[in-house]
Amino acid sequence: MDILNFKDRLFNKGREYGFSDMELYYQSNGKFSTKIFKGEVDSYNLAIEGGVSFRGIYNGQMGYAYTEKINEEAISFLLEEAKENGKIIDSEDSEVIFAGSEHYEELTLFSEELASISADEKIALLKKVEAECFALSEKVSSVNYCLLESHDTEKMIANTKGLEKHERGNVVYTYLSVVVKDGDDIKSAGKLTLSRNFSMFDPIQLAKEVVDEALSALGASSIASKEYPIILKNTAAASLLQTFTSAFSADNVQKGKSRLAKKLDTTIANQLVTIVDDPFLTEGFMSRSFDSEGVATKRLQIVEDGVLKTYLHNLKTATKDNVESTGHGTKSSYKGTITVAPSNLYINPGQSTYEQLVENEPEALIITDLQGLHSGANPISGDFSLAANGYLVKNGQIERPVNQITIAGNFFTMLEQVESIADDLTFGLPMGGYVGSPSLKIKGLAVAGE
């Protein structure tokens, strides 16, 4: 049974059951994943996961149900489950079926050309990337991650209030991690590359960027403990921002789990800092024209010139605050519950190059990667204490690589101490949102080393 016919039959039978407002959400996720190790296919996975969820109001209570089946039997199952489920749900939160927004952006998120790329072509790309890594230096001892994943997503939301939206998208990304060795000195580096255009994956360029970074870390040693001016490289800045994005969720604000409560329209960062959530980003992993509740998405400036302008809302949190939803109602699959999560969230890039940030510093520490973000950072207070690697800068030049250090500070204080922003915006691995940042020059952070 096709999904539109299923929807019509479900709503008709739901009315016979006595449901008033009803909603159907359909999602299908196709994923291809493969890894190459020493010229051979190390793993190969092809998975398709999908199904529908239903919610409806029965005797004034909202009931929920979901199933992976889309057939006649599933219609009765969903209605019976939702009816029984609604009787036992004890919640004071107001639940609504959304009638729809006035305007939805038209986005092209599905590439026919990308969909036509075969598994053999993807594997051939990875083999070239791995071979290029070994060809670039005899110090490359292994390519421990040579991974490609492609995702194909289709979703639809429809309800008895007249809303019906459908969207399809696909994307592919590679993750490459290289280990280099010089005697007993072993270092590694990794990089994520994501696009809807397969032709932009250049094996030589992908390999060179990662191998060069790993080689540049050889010979690293610690430094004296003190406070240093910090250049937080784009990859490290993106991972730190990712850790603290939950502070912008209205759900966390309302539950007292965000330091940004009662800070709307106040300055929380240097005026250079503008934080954007852009669901229309062409190469965004989380791009979408509507959220999981059917609300139209829009480009938001969450922090504008250092001033907090809005939280991220779904329909429930928006109702509590008596504002409109910002289109951030999210569920990871058809059977998930609605949460609040960003789409493509990033710090707006500046005008300077990364090289110019370095040239301007008589002494500074470049941080290239951070470790222990799950255990060494408190998303509520903003405090962090993290192992880090990077480079020591002297007289505007990179003097040597640095490791065995810990940097400590507070994320929100750090935002206030941003002194310059580079133009090299990049994004980290998608995890509940696609979060990115350019390199940031920070006035200073405490560094524990020797």
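Definitions and cut-offs
Residues numbered from 1 in each chain as written. Predicted model: local features only at pLDDT ≥ 70, side-chain atom pairs only at ≥ 80, totals over all residues. Heavy atoms only, no water. Helix = DSSP H or I, 4+ residues; strand = E, 2+ residues; numbered from the N terminus. Rg over C-alpha atoms; globule rule 2.2 N^0.38 Å. Buried < 20%, exposed > 50% of the residue type's maximum accessible area, 1.4 Å probe, protein only. Contact = heavy atoms within 4.5 Å. Areas by Shrake-Rupley, 256 points an atom, 1.4 Å probe, with all protein chains shown as cover. Lys, Arg positive; Asp, Glu negative; His and termini not counted. Charge placed at Lys NZ, Arg CZ, Asp CG, Glu CD. Salt bridge = Lys/Arg side-chain N within 4 Å of Asp/Glu carboxyl O. UniProt positions renumbered as here; feature names shortened; annotations may be inferred. Domains from an automatic or database assignment. Buried area = accessible area lost by both parts, 1.4 Å probe. Polar contact = N/O pair within 3.5 Å; in protein donor to acceptor, adjacent residues only side chain to side chain. Nonpolar A, V, L, I, M, F, W, Y, C, P; charged D, E, K, R; others polar. Pairing = 2+ DSSP bridges. Core = buried A, V, L, I, M, F, W, Y, C linked by side-chain atoms within 4.5 Å. Axes fitted to C-alpha atoms, helices over the stretch in contact; angles between N-to-C directions.

- For the protein chain, an unreviewed UniProt entry supplies the name TldD/PmbA family protein and the organism Anaerobacillus isosaccharinicus.

1. Section: the overall build of the protein chain
Logical step 1: Looking only at helices and strands, the protein chain has 10 helices and 20 strands in total.
Logical step 2: In summary, the protein chain has a C-alpha radius of gyration of 24 Å against a globular reference of 22 Å for 450 residues, a match within 12%.
Logical step 3: Dimensions of the protein chain, computed from C-alpha atoms along their principal axes, come out at roughly 75 × 55 × 35 Å.
Logical step 4: Taken across its 450 residues, the protein chain has 51% of its residues classed as buried.
Logical step 5: For the protein chain, contacts bridging at least 24 residues in sequence account for 71% of all contacts bridging at least 6.
Logical step 6: Carbon together with sulfur atoms contributes 46% to the accessible area of the protein chain, which is approximately 20,500 Å² in total.
Logical step 7: Within the protein chain, one finds 43 positive and 64 negative side-chain charges whose respective centroids are separated by 3 Å.

2. Points about the pattern of salt bridges
Logical step 1: A full pass over the atoms with the stated rule returns 18 salt bridges.
Logical step 2: With a closest N to O distance of 3.4 Å, Asp8 and Lys7 form a salt bridge.
Logical step 3: Asp8 gets classed as partly exposed once you look at its relative accessible area, which sits at 39%.
Logical step 4: Owing to a relative accessible area of 10%, Lys7 belongs among the buried residues under this scheme.
Logical step 5: As a salt-bridge pair, Lys31 and Glu149 come within 3.7 Å of each other at their nearest N and O atoms. Separated by 118 residues along the polypeptide, Lys31 in strand E1 (residues 22–37) and Glu149 in strand E4 (residues 140–159) bring together distant segments of the chain.
Logical step 6: Sharing partners across several salt bridges, the network here consists of Lys7, Asp8 and Glu164.

3. Considering the UniProt feature "domain: Metalloprotease TldD/E N-terminal" (unreviewed entry) in the protein chain
Logical step 1: UniProt feature "domain: Metalloprotease TldD/E N-terminal" (unreviewed entry): in the numbering of this structure it lies at residues 23–85.
Logical step 2: Secondary structure over residues 23–85 splits into 22% helix and 65% strand, and the C-alpha atoms at its two ends are 15 Å apart.

4. Points about the UniProt feature "domain: Metalloprotease TldD/E central" (unreviewed entry) in the protein chain
Logical step 1: When the UniProt feature table is mapped onto this chain, "domain: Metalloprotease TldD/E central" (unreviewed entry) is found at residues 113–218.
Logical step 2: Summarising residues 113–218: 33% helix, 47% strand, and an end-to-end C-alpha distance of 41 Å.

5. Description of the environment of Asn252
Logical step 1: With respect to the element layout, Asn252 can be found in helix H7 (residues 250–254).
Logical step 2: Relative accessible area serves as the criterion here: at 17%, Asn252 is assigned to the buried category.
Logical step 3: Sequence separation between Asn252 and Ala220 is 32 residues, and the spatial gap between their C-alpha atoms is 40 Å.
Logical step 4: Residue contacts for Asn252: discarding those within four places in its chain leaves Ser246, Lys257 and Ser258.

6. Notes on the environment of Ile405
Logical step 1: Within the element layout of this structure, Ile405 appears in strand E16 (residues 397–410).
Logical step 2: The spacing of Ile405 and Ala448 is 43 residues in sequence and 5.5 Å in space, taken between C-alpha atoms.

7. Examining the environment of Gly56
Logical step 1: Position of Gly56 among the secondary structure elements: in strand E2 (residues 40–58).
Logical step 2: Residues Gly56 and Asp21 lie 35 residues apart in sequence; the distance between their C-alpha atoms is 5.5 Å.

8. Thoughts on the domain arrangement of the protein chain
Logical step 1: Segmentation of the protein chain into domains returns domain 1 (3–211) and domain 2 (220–449).
Logical step 2: One C-alpha centre belongs to domain 1, the other to domain 2; they are set 24 Å apart.
Logical step 3: Counting residues at the interface gives 37 residues for domain 1 and 31 residues for domain 2.
Logical step 4: For the pair domain 1 and domain 2, the two sides together bury roughly 2,800 Å², of which 61% comes from carbon and sulfur.
Logical step 5: Sorting the residues of domain 1 by area buried against domain 2 places Leu192, Leu194 and Arg196 first, and these three jointly supply 17% of that buried surface.
Logical step 6: There are zero salt bridges connecting domain 1 and domain 2.
Logical step 7: Linking domain 1 with domain 2 are 11 residue pairs in polar contact (both at pLDDT 80 or more), by the criterion used here.
Logical step 8: Broken down by secondary-structure element, the contributors of at least two residues to the side of domain 1 that touches domain 2 are E1, E2, strand E3 (61–67), E4, strand E5 (164–182) and strand E6 (185–195).
Logical step 9: A per-class count over the side of domain 1 that touches domain 2 returns 14 nonpolar, 11 polar and 12 charged.

9. Considering the sheet that holds strand E9 (residues 300–304)
Logical step 1: Pairing is mixed in the open sheet, where six strands are placed in the order E10-E9-E8-E13-E19-E18. At either end of the open sheet lies a strand with only one pairing partner, and these are strand E10 (307–308) and strand E18 (426–427).

10. Observations regarding the nonpolar core
Nonpolar side chains in soluble globular proteins tend to end up buried together.
Logical step 1: Counting residues in each nonpolar core, the largest one holds 50 residues, and the members touching the most others are Leu240 and Ile367.
Logical step 2: Per element, the largest residue contribution to this core is five residues, and it comes from helix H6 (residues 234–244).
Logical step 3: Beyond its immediate stretch of four places on either side in the chain, Leu240 contacts Leu232, Leu370, Leu373, Phe384, Leu386, Phe411 and Met414.
Logical step 4: Grouped together as the second largest cluster of nonpolar side chains are 26 residues, Phe32, Val143, Leu148 and Val172 included.

11. Regarding the sheet that holds E1
Logical step 1: Read across the open sheet, the six strands follow the order E3-E2-E1-E4-E5-E6; overall the sheet is antiparallel. Both outer strands of the open sheet, E3 and E6, are each paired with one neighbouring strand and no more. Put simply, the sheet's adjacent strands are angled 15 degrees from each other on average, direction ignored.
Logical step 2: Looking at chain direction, E2 and E3 are connected through seven bridges and run antiparallel. Following the sheet pairing, Phe54 is matched in E3 by Ala65.
Logical step 3: Relative to E1, helix H1 (residues 3–17) is tilted by about 145 degrees, and along the sheet it contacts E1, E2, E4 and E5.
Logical step 4: Against the sheet, helix H2 (residues 72–88) makes contact with E2 and E3, and its axis sits at roughly 140 degrees relative to E3, the strand it touches most.

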